[in-house]
Structures are given as C-alpha cells and as structure tokens.
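Chains, contacts and geometry: an overview
Listed below, chain by chain, are the residues.
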Amino acid sequence: MTRTIFSAIVPSGRLTLGNYLGALRRFVSVQHEARCVFCIADLHALTTDHDPRRLCQLAEETVTLFLAAGLDPGVCVIVRQSDVPAHTELSYLLECTAYTGELNRMIQFKEKGRGRPKTRVSLYTYPVLMAADILAYRTTEVPVGDDQRQHLELARDLALRFNRSYGEIFVVPEMSPAIVAARVMDLQDPTAKMSKSAPYDAAGTIRLLDSPDVIRRKIMRAVTDPGSEVRHDVENQPGITNLLEILAACLDENDPAALARRYQSYGALKKDVAEAVVAVLDPLRKKCADLAADPAYVNATLRAGAERAQALAAPTVAAAKQAIGLGTL
Ligand code: TYM
C-alpha cells in the first residue's frame, strides 16, 4: 500500500499559531516522506454564515501561506477542495453509509447547531465530507491537531462500514497526532482552543501574519496562573503549560516538561516564548508578502494541484460507485 498523507485546513478565518504548530508545519516536514496531498478545504467554510468575497480572499491567503511555510508544489499536491469534484461526489456515497446517530454526536454540531432552526444542513453533514476528503486519496495518515480526533474516528468507521458492506474499496486511515502543541490554547483563556474564528484582533489569538510587535505584545500579556513556579501541569497551570508547549514546538523540542526546569519566573519564560514565536513566524510573513506579489504562481499551483488531485481521487470514487451499485453489472 502506498504511504499517502492527506490533510486540510479550512479558510474560515486568518490562520493561527495553532494551525501552524498543530498542522501546517507538520505538513512541510513530511512532504518528502510519502505521497502527500494538502488541501484548502473551502467547502467546509460554507457551513456557517459566510461572506463570498472574504472566503475567496481567505482561500487565496491560505494557499499562499502553504507555499510560504515551505510546501513545495513540485513535491506534494496542493489543492483547493472545490476544484476537485471527487470530494463532493464521494461525500454523497458516504452520506449513504453514515448514520444520523453518529452525526448527532459530533461535537461541532452539538455546540454550534443542534436545536437551532437556521443551522445549515452542511454543518450537520460536513464530517462526512471530511471523511470523503480523506478516503478519496486512499490516505494512510492524517496529520492533524487534537481537535480533529472525533472526525478521524468517523472517517475510519465509514471506511470500515463501506468496505464490509460493498467490498474492500477504502484504506482505513490513521490519525497522526502532534507530539507537542497538539492543542494550542487561547492566550487569554487557556482552557479554550486558540481558534481562527475568534474576532480578528482578539488578544488571545496569534495570527500567522501578525507583526513581531503584535506577537510580542500578545504573548507578554498572556494570562498565567496563580503562583510563580514554572511547571508543565495542564490541570493546575494551563496558562504556563500552553506557553511551554508553544516554546517546545517552536524550538523543535519534544519535552515541554524538561523546558520548564530552565525557568525561574513567568516573565523570563514569556520573553523566550515571544522571541521563539517571532523567529518562526517572521520569515513566514516575509515569504508570504513576496508570494502575494506573484499571484500567477499561486494560481498556477492551484491549477496544477486540481488536475493532479482529481487524477489521484477519481479511480477510488469510480470504484466506490461501482461497488455501491451505481455502475453496470
Ligand atoms: P481547521 O481548519 O479547524 O484546522 C486546521 C488544522 O489545524 C489544527 N488546529 C490546531 N492545532 C493545534 N492547536 C490549535 N489551537 C489548533 N487549531 C486548529 C487542526 O487540528 C487541523 O489539523 N475539518 C478540519 C479540516 C479538514 C480536514 C479534512 C483535516 C477538512 N477535511 C481532512 C484533515 C483531513 C478543520 O476544520 O480544521
């Protein structure tokens, strides 16, 4: 079986440090190891109220960030989801495999949609579209942050169920979790995930394109915990633990608890976190500005990505259609 890595980011807001540490930088580090497809999942951004113009802009900014972070379109496939009909086609077949019972349990729907009459139907069904994104490419591994665990379980369940019912069509994917910074928390509320849908200037959210000054300010003002001891302790010291996770990820170290022992004060820790984040994001921001000046390159990347992705996904979707009874006997 070909080792195949697939993952995606939804352009529903400007990307955050959480998206980078939990996902994007990991895409960059695995791109030479396997067949890789990385996707700008714009269809998923239609599940809640959206502004069409802003969505286009955010999708473009997200591709640019993929390139600026170091994804090489000569090495991996970079694709915008809406450019590849295989995703939506397979999604419907998987909707005919999924149960309402399992979609009712999905956290996003429970928190944002259930019981509200104006919830878009797509907010209910998008976990199935996400399963289609993954299964269409015969994906073996999915590098994602911790918040995607439930979605990955659904994708696995649907693959297994489809295979049991209609024949071995799909590969059952494995989640590849981040070792550190798998769930970067909001700097102002370290019990909540740092989210790109926070208000743009929210003090607790670091955006990938924030200037060094803004990054430093946000980190120096991060909420810490009562006491003064620097310890990695999610339960009792969520603020400090979050900063240690961010620092470890930025320094490419795998042991945030060991890092804690180097610090005697919160202030010193914050200073180092701020400089480490600036060192990681500043080159990204500069590269992004260079690429923004070359929209032809970004567009060519998407055109080539769409063609390659459709060619990779189409045979699996055709096999699934045939297996489920949509072909000739
Ligand atoms: P999205 O767009 O919310 O997030 C994109 C990626 O970033 C990770 N992430 C985080 N990691 C650590 N800390 C955080 N605070 C943080 N916030 C976000 C997410 O875990 C994710 O890896 N439904 C998905 C997108 C998707 C997808 C897919 C992913 C669509 N199809 C197929 C994998 C495979 C989503 O909403 O991600």
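Residues numbered from 1 in each chain as written. Predicted model: local features only at pLDDT ≥ 70, side-chain atom pairs only at ≥ 80, totals over all residues. Heavy atoms only, no water.

**Looking at the packing of helix α3 (residues 85-95) against helix α6 (residues 121-135)**
Operational definition: Angular values range over 0 to 180 degrees, each being the angle between N-to-C directions of two axes fitted as lines to C-alpha atoms, with helices fitted over their stretch in contact. Secondary structure elements follow DSSP: runs of H or I of four or more residues count as helices, runs of E of two or more count as strands, with numbering from the N terminus. Reported orientations rely on four angle classes, namely roughly parallel under 35 degrees, roughly antiparallel over 145, roughly perpendicular from 65 to 115, and oblique for the rest. Rotating anticlockwise by less than a right angle from the far helix to the near helix defines a left-handed crossing, while the corresponding clockwise rotation defines a right-handed one. What makes two residues a contact is simply this: any of their non-hydrogen atoms within 4.5 Å. Each residue gets one of three labels, nonpolar for Ala, Val, Leu, Ile, Met, Phe, Trp, Tyr, Cys and Pro, charged for Asp, Glu, Lys and Arg, and polar for the others, Gly among them.
Between α3 and α6, whose axes approach to 8 Å, the crossing angle comes to 120 degrees. One way to sum up the angle between α3 and α6 is to call them oblique. In this structure, the crossing between α3 and α6 has a hand that is right-handed. Where α3 abuts α6, its residues H87, T88, L90, S91, L94 and E95 lie against T125, V128, L129, A131, A132, D133 and L135. A breakdown of the residues in the contact of α3 with α6 according to their chemical character gives 7 nonpolar, 4 polar and 2 charged.

**Points about unusual backbone geometry**
Phi is positive for R138, close to 55 degrees, though the residue is something other than glycine. Mapped onto the elements of the fold, R138 is located in the loop between α6 and β4 (141-144). Despite not being glycine, A181 has its phi angle at roughly 55 degrees, a positive value. Within the secondary structure, A181 sits in the loop between β5 (174-177) and α8 (212-220).

**Things to note about the pattern of salt bridges**
Worth spelling out the cut-off: Salt bridges are defined as contacts in which a side-chain nitrogen from Lys or Arg sits within 4 Å of a carboxyl oxygen from Asp or Glu. Only protein chains enter the calculation, and the probe is 1.4 Å; a residue is then buried if its accessible area is under 20% of its type maximum, exposed if over 50%, and partly exposed in between.
Inspection of every chain in the model, using the stated rule, returns 20 salt bridges. Between R80 and D83 there is a salt bridge; the shortest N-O distance is 3.2 Å. Note on D83: relative accessible area 29%, which makes it partly exposed. Between E253 and R262 there is a salt bridge; the shortest N-O distance is 3.2 Å. Overlapping salt bridges bring together R3, E33 and E141 as one network.

**Examining the pairing of β5**
Taken residue by residue, a regular strand's side chains alternate between the two faces of the sheet. Which entries qualify depends on this criterion: The pairing criterion for strands is at least two bridges between them, as found by DSSP.
Where β4 and β5 come together, 4 bridges link them in parallel fashion. The residue bridging V144 from the neighbouring strand is P177, located in β5.

**A few points about the site of the ligand**
Rules: Near, as used in this document, describes a residue that has one of its heavy atoms within 4 Å of the molecule or strand being considered. Identification of polar contacts relies on pairs of N or O atoms within 3.5 Å, with a donor-acceptor requirement for protein atoms, meaning one able to donate a hydrogen and the other able to accept it, and with residues adjacent in sequence counted only if both atoms are side-chain atoms. Throughout, the Shrake-Rupley method with a 1.4 Å probe supplies accessible areas, and for residues the shown protein chains are the sole cover considered.
With respect to spatial proximity, 26 residues lie near the ligand, and among them D133, G145, D147, V184 and K196 are the closest. Separating an oxygen atom of the ligand from a side-chain N or O atom of K196 is a distance of 2.7 Å. Expressed as a share of its isolated accessible area of 710 Å², the protein-covered part of the ligand is 96%. For the shell around the ligand, the elements supplying multiple residues, two or more each, are β1 (4-9), α1 (17-30), α6 and β4.

**Brief notes about the environment of L123**
Inspection of the secondary structure assignment puts L123 in helix α6. Note: C-alpha distance between L123 and R207 (84 residues apart in sequence) is 25 Å. With near-sequence residues (within four places) excluded, L123 lies in contact with T47, T48, F109, K112 and G113.

**Some points on the packing of aromatic side chains**
Selection rule: Classification of ring pairs rests on two measures: the distance between centres of Phe, Tyr or Trp rings, Trp counted by its six-membered ring, which must be within 6.5 Å, and the angle between planes, read as stacked under 30 degrees, edge-to-face over 60 and tilted in between.
Under the criterion given, the structure shown has 6 aromatic pairs. Ring centres of F27 and F38 lie 4.5 Å apart, and the angle between their planes is 10 degrees; on these two criteria the pair is classed as stacked. Separated by 11 residues along the polypeptide, F27 in helix α1 and F38 in strand β2 (residues 35-40) bring together distant segments of the chain. Neither residue differs from the other here; F27 and F38 are each classed as buried.

**Considering the side chain of T119**
Locating T119 in the fold gives a position in the loop between α5 (107-112) and α6. With residues near it in sequence (within four places) discarded, T119 still touches F109, K112 and G113.

**Section: the domain arrangement of the protein**
We apply this condition: Marked domain ranges trace back to an automatic or database domain assignment. Accessible area, probed at 1.4 Å, shrinks when two parts are joined; the buried area is that loss added up over both.
Per the domain assignment, the segments of the protein are domain 1 (4-177 + 295-324) and domain 2 (212-290). Spacing between the C-alpha centres of domain 1 and domain 2 amounts to 30 Å. Roughly 800 Å² of surface becomes buried between domain 1 and domain 2 when both sides are summed, with 81% attributable to carbon and sulfur atoms. The three residues of domain 1 that bury the most area against domain 2 are L17, Y20 and A68, which together make up 50% of that side's buried surface. Joining domain 1 to domain 2, the criterion identifies 1 salt bridge.

**Looking at empty space enclosed by the protein**
The probe, sized like a water molecule, is rolled over the atoms to show the empty space still left. Convention followed: Here the term cavity refers to a set of points on a 1 Å grid, laid over the protein atoms alone, in which a 1.4 Å probe fits but cannot get out; the term pocket refers to an open set having protein on both sides within 12 Å along at least five of seven lines, with lining residues being those that place an atom within 4 Å of a point. Grid points are joined across faces, edges and corners, and a volume is the space filled by probe spheres set on the points.
A complete count under the given rule lists 1 cavity of 30 Å³ or more for this structure. In this model, the largest cavity occupies a volume close to 30 Å³. Taken together, D186, L187, P190, A222, V223, G239, N242 and L243 form the lining of the largest cavity. A class-by-class count of the residues in the lining of the largest cavity yields 5 nonpolar, 2 polar and 1 charged.

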